[in-house]
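Take a look at the letters that make up each chain.
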Amino acid sequence: MLDLTYETPKIKTIAGAKHDWELVIGMEVHAQVSSNAKLFSGASTRFGAEPNSNVAFVDAAMPGMLPVINEYCVEQAVRTGLGLKAEINLVSAFDRKNYFYPDLPQGYQISQLYHPIVGEGEVLVELGDGTARKVRIERIHMEQDAGKSIHDMDPNMSFVDLNRTGVCLMEIVSRPDIRGPEEAAAYIAKLRQIMRYLGTCDGNMQNGNLRADVNVSICLPGAYEKYMETQDFSHLGTRCEIKNMNSMRFIQQAIEVEARRQIAIVEGGGEVEQETRLYDPDKGETRSMRSKEEAHDYRYFPDPDLMPLEIEQAWVDDIAKALPELPDEKKARFISDFGLSDYDASVLTADVESAGYFEAVAEGRDGKLAANWVINELFGRLKKEDHDITESPVSPAQLGGIIELITKGDISGKIAKDLFEIVYTEGGEPSEIVEKRGMKQVTDTGAIETAVDEVIAANPAQVEKAKANPKLAGWFVGQVMKATGGKANPKAVNQIVAAKLGL
Amino acid sequence: MSDLNKLTLAEARDALRKGDTTSVELTESCLAAIDAADALNAFVHKTPDIALERAAAADTRIKSGDAPSMCGLPIGIKDLFCTKGVPSQAASRILEGFKPEYESTVSQKLADAGAVMLGKLNMDEFAMGSSNETSVYGNAVNPWRRGNDDAPLTPGGSSGGSAAAVAADLCLAATGTDTGGSIRQPAAFTGTVGIKPTYGRCSRWGIVAFASSLDQAGPMTKSVRDAAIMLEAMMGHDPKDSTSAELAVPDFEAMLTGDIRGKKIGIPREYHMEGMPAEIDALWAEGRKMLADAGAEIVDISLPHTKYALPAYYVIAPAEASSNLARYDGVRYGHRATLAQGDGITEMYEKTRAEGFGHEVQRRVMVGTYVLSAGFYDAYYNRARRVRTLIKRDFETVFAQGVDAILTPATPSAAFGLGEMTDADPVQMYLNDVFTVTVNLAGLPGISVPAGVDAQGLPLGLQLIGRPWEEGDLLNTAYALETAAGFVAKPGNWW
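Residues numbered from 1 in each chain as written. Chains lettered and ligands numbered in written order. Predicted model: local features only at pLDDT ≥ 70, side-chain atom pairs only at ≥ 80, totals over all residues. Heavy atoms only, no water.

> What am I meant to see in the overall build of chain B here?
Along chain B, the regular secondary structure elements total 15 helices and eleven strands. What you see for chain B is a C-alpha radius of gyration of 21 Å, in line with the 23 Å of a compact globule of 495 residues. For chain B, the residues scored as buried account for 62% of the 495 residues in total. A separation threshold of at least 6 residues defines the contact pool for chain B, and within that pool the share at least 24 residues apart is 77%. (Helix = DSSP H or I, 4+ residues; strand = E, 2+ residues; numbered from the N terminus. Rg over C-alpha atoms; globule rule 2.2 N^0.38 Å. Buried < 20%, exposed > 50% of the residue type's maximum accessible area, 1.4 Å probe, protein only. Contact = heavy atoms within 4.5 Å.)

So this is what it looks like as structure tokens:
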């Protein structure tokens, strides 16, 4: 595979009253694993079911019920780890995180604190301006999701929906390598893209299937480099954790707002307190949720109901072998095989479906032309109607047909656009349409010559002007095109006009 | 036949097969005994309808020649086991009114083997206790009494109801569970046999959890042969319990030859406790002699970390319990406290759990919460786990030296009086487990066999500890000990 190489992005600083400040951001991304059943029960994970209809006895923590690991969830976590080029731990273990809440029936969440299934990895986060940040992944562990408490259905009562209780989440923990709000959003977008390629998480942030806790701290220029040299956190500022964010836009806003809050505290002579905060998008501020003193003591300990999870290297190897081509590889290949620009390759590899569509169009045809048509014409048209690529009325074979007609010189670019519109709205085989509707361009030089002669004969004054100023030849080309209903081959018209005018 | 309830499982089984009696007759005999024994407070939920229905079904199967191993045999089930549609409260107020929609694997296996459930048996709340005095139903009473003394005695705990019921012939056998000695200590206090198999032998699915890494179910019976029959029916791999062992279940009864010639029996020197009653010491010496006379080789062994077992146990068990019992929060089932105007979720938890849990359970939840808390975790929980590893290694070492089984006293005393320990330091009560907890920490099989009586006529038990997964061999050694001891005493019926 060809490596994608990028410049490291410049660090965005925020100006305080006294100094410029840098941001240091680490994220814990919670991604719901795509699986039919929950992590430790056979209950369905289907979204939008009747409240409390997807609940097994163990999910409701009935007395004496025991968890049994869902092997598919383990496979998905391993797949995700491999996709993030991370170390897979053949032995991992589950721990209990103890706290009381009505939507946590067991009174503990089964998680992996001490021995996560996935260790260190790395994600290349492109920022779209030719730069990219390498973000180190510290770990990925599996854990149970909690249920949902509903407080606004009744003035006196709260309700609990356990459908989501026990659904498998992957918590993807990054190192504090993210240096600004845009990078944070790009990081999540990249994770989402990779997981969608892998089929391990649908990345739906609205449904809460992808959420993030964002750790933000500030430091003076130079401090971060010292941290990177030593991995000693004391070089960095005190961090605050902004909990449970499920919108890219709000994540960026929250980081900015939180950084400014911290700058104001530090420049005012105060100290940032380590705490958990919530972002209020209406007020545009972060609020303390609980301080370090109020922090829960989760009393983690190994879950005695579950044996350590041991997996075989051969099984991991099989999963690795079956991995799909990932975004970075695909992009590099598109650039090298089809001669695409980094931008076009990025757009086309944004999701598997687009990439697949493009490849089907480009296969055996002009790659660059195919990219232009897919991105500019097709994506543009789909966007207008709010459709995605899977809903495209034009198949790759149809679009490929249009491109072939262009390459062969049968139709001009302008006619091709008309043809595309016909195929898009009415369907049909492009070459047949061209044939039937007489859209084929005129390449018969005799016919073109006649048309040119007629235009020259009718406009002697223009001929004189053009001879003095060759740039005016374009006017003759336009007239000829008009006279032939746009079907004349523009290249041939250009040549004949130039010859006849003696230019 | 008369006094059918006094039969052993093996005797009743043979009588049923011969057609000398029916399961309905057996069951009726037990139900009558149960009704006459309210003073023992052993059965806390009677299920005569279920019992008679299952007995009739068993009789049909026996007639058709299709009788599984325990077909038609009436037994009691400890209240810790979830039984479908039947109250299952772990003897706790917090599970008030709880009737599970499911049947525990072990009680289901017994039902599948044809056993007839007579009802649910008293126990210490959440299996936490050694005297059955922490039960929300009040204590069960030991059918045994001291000499001419009418003072009520404890049947032991936590499986006190099971032990009392078997000793008083209210049922032919009963299920128990053992986290630190809860089968073996009450068996010893009531002159019955109780075996805790290797951890992983019996599925924990559907048994209310106390300390998950220590809990094991086992039978409480009138003889070693009965223990073999019933244990075989209870155990086996269960995919619903991730800690259940994927091992075949041997025919234990066929292994009861009584031949233990050449077996090496270890006597651990660390089990000589300071201040241990002379009678216990004497019984232990007798047991040694009996096994030697039967042809076993007696060797002195050392299990050097024994003295750390009890403290380690009383860190690990409460730690797990504090987490296991978090689910009893009043939200979904069981007791919920009446709330005052303005009370929120925290008040609901606090009031519900304060009302729902008894003092001993509260004490252990608090101890467990403390030992897992930040800053103390390493000093307590992690250290206890390391001790556990060392204790396990002690056993592995002696087994590697060729020891087949280890003989120890089952308890440091005979049954004590109810209420006697009420004002004592809780640690005094915990000392009851001193000979039994090591076995749970190491996950080994252990059996208590009645081997004699003390000066006041109370039964005393000896414990045999076996190699992991070798319950068959352990049962055979126990069978030899039982035969040699010839314990036949029965409590007089005063109730």
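Picking up after the structure, the text goes on.
> What am I meant to see in the packing of aromatic side chains here?
How two aromatic rings sit relative to each other is given by the distance of their centres and the angle of their planes. All names here are of chain B. For the structure shown, the criterion picks out 33 aromatic pairs over all chains. Between Trp144 and Phe487, the aromatic rings sit 6.3 Å apart at their centres with planes inclined by 45°, giving tilted as the arrangement. A residue pair is termed long-range when its members are at least 10 positions apart, and Trp144 in the loop between β3 (116–121) and α5 (160–167) and Phe487 in the segment after α15 (471–485) qualify at 343 residues. Classification of Trp144 by relative accessible area gives buried; the value is 5%. Each member of the aromatic cluster is reached from another via a ring pair, and the members are Phe98, Phe126, Tyr328, Tyr333 and Phe357. Cation over ring: Lys240 sits above Trp205, and NZ or CZ is 3.6 Å from the ring centre. Over the face of the ring belonging to Trp284 we find Arg288, whose NZ or CZ atom lies 5.4 Å from the ring centre. (Phe/Tyr/Trp six-rings, centres within 6.5 Å; stacked < 30°, edge-to-face > 60°. Lys NZ or Arg CZ within 6 Å of the ring centre and 35° of its normal.)

> I'm lost on helix α1 (residues 9–18) of chain B in this one. Help?
One turn of the α-helix equals 3.6 residues, which is why residues spaced by three or four share an orientation. All names here are of chain B. When α1 is considered as a whole, its buried residues turn out to be Leu9, Ala10, Ala12, Arg13, Ala15 and Leu16. For α1, the elements touching its buried residues are α2 (23–35), α3 (48–63), β2 (74–78), β4 (173–178), β6 (216–221) and α7 (224–234). Downstream of α1 by a residue or two, Gly19 has a phi angle that is positive, lying close to 85°.

> Any chance you could explain the sheet that holds strand β11 (residues 459–466) of chain B here in plain terms?
As a general point, the strands of a sheet are linked pairwise by backbone hydrogen bonds and lie either parallel or antiparallel. Residue and element names in this part refer to chain B. Judged by pairing direction, the sheet is mixed, and its eleven strands sit side by side in the order β1-β3-β2-β4-β6-β5-β10-β11-β9-β7-β8 without closing on themselves. Among the strands making up the open sheet, the edge pair consists of β1 (43–46) and β8 (297–301). Neighbour to neighbour, the strand axes of the sheet diverge by 30° on average, direction disregarded. Examined bridge by bridge, β4 and β6 share five bridges and lie antiparallel to one another. Note on β6: the bridge partner recorded for Thr177 is Ala217. Contacting β2, β4, β5 (193–196), β6 and β10 (446–453), α7 runs over the sheet at an angle of about 145° to β6. (Pairing = 2+ DSSP bridges. Axes fitted to C-alpha atoms, helices over the stretch in contact; angles between N-to-C directions.)

> Can you walk me through the pattern of salt bridges in this structure?
Once their charged atoms are close, side chains differing in charge can pair, the charge on each being opposite to the other. A full pass over the atoms with the stated rule returns 65 salt bridges over all chains. A salt bridge links Arg133 of chain A to Glu183 of chain A, with the shortest nitrogen-to-oxygen separation between them at 2.9 Å. Here the residue Arg133 of chain A occupies a position in strand β7 (residues 132–144), and Glu183 of chain A occupies one in helix α2 (residues 181–198), the gap between them amounting to 50 residues. The pair formed by Arg133 of chain A and Glu183 of chain A is uniform in burial state, with each residue classed as buried. Between Glu471 of chain B and Arg201 of chain B there is a salt bridge, and its shortest N-O distance comes to 3.1 Å. One end of the pair, Glu471 of chain B, is in helix α15; the other, Arg201 of chain B, is in the loop between β5 and β6, and 270 residues separate them in sequence. Judged by its relative accessible area of 0%, Glu471 of chain B falls in the buried class. Residues participating in the shared-partner salt-bridge network are Arg96, Asp303 and Asp305 of chain A together with Arg204 and Asp241 of chain B. (Salt bridge = Lys/Arg side-chain N within 4 Å of Asp/Glu carboxyl O.)

> Before we go on, may I ask you to explain the pairing of strand β2 (residues 20–32) of chain A in this structure?
Look at any regular strand and the pattern is simple: side chains alternate between the two faces of the sheet. All names here are of chain A. Burial runs high along β2: twelve of the 13 residues are buried. Two elements, strand β1 (residues 13–15) and β2, share three bridges in a ladder whose sense is antiparallel. By the bridge assignment, Ala15 is partnered in β2 with Asp20. Here β1 hands over to β2 after four residues, the two strands then running antiparallel side by side. Looking at chain direction, β2 and strand β10 (residues 168–174) are connected through five bridges and run antiparallel. Across the sheet, the residue bridging to His30 is Glu171, located in β10.

> What exactly am I supposed to notice about the nonpolar core here?
One broad rule of soluble globular proteins: the nonpolar side chains tend to lie buried together. Membership of the largest hydrophobic core comes to 159 residues, with the highest contact counts inside it found for Met70, Leu110, Phe126, Leu170, Phe395 and Leu475 of chain B. Among the elements that take part in this core, helix α9 (residues 309–324) of chain B stands out by supplying ten residues, more than any other. In this structure, Phe395 of chain B is in contact with Tyr271, Leu303, Ile406, Thr438, Ala442, Leu444 and Ile465 of chain B, ignoring residues within four places of it in sequence. Counting residues in hydrophobic clusters, the runner-up holds 102 residues, among them Leu82, Leu210, Leu326 and Val434 of chain A. (Core = buried A, V, L, I, M, F, W, Y, C linked by side-chain atoms within 4.5 Å.)

> Would you explain the sheet that holds strand β15 (residues 301–302) of chain A in this entry?
All names here are of chain A. In spatial order, the strands read β5-β4-β15; together these three strands make up an open sheet with antiparallel pairing. In the strand order of this sheet, the two ends are held by β5 (108–111) and β15, each with one partner. The pairing of strand β4 (residues 95–98) with β15 spans two bridges and is antiparallel. Opposite Arg96, over in β15, you have Phe301 as the bridge partner.

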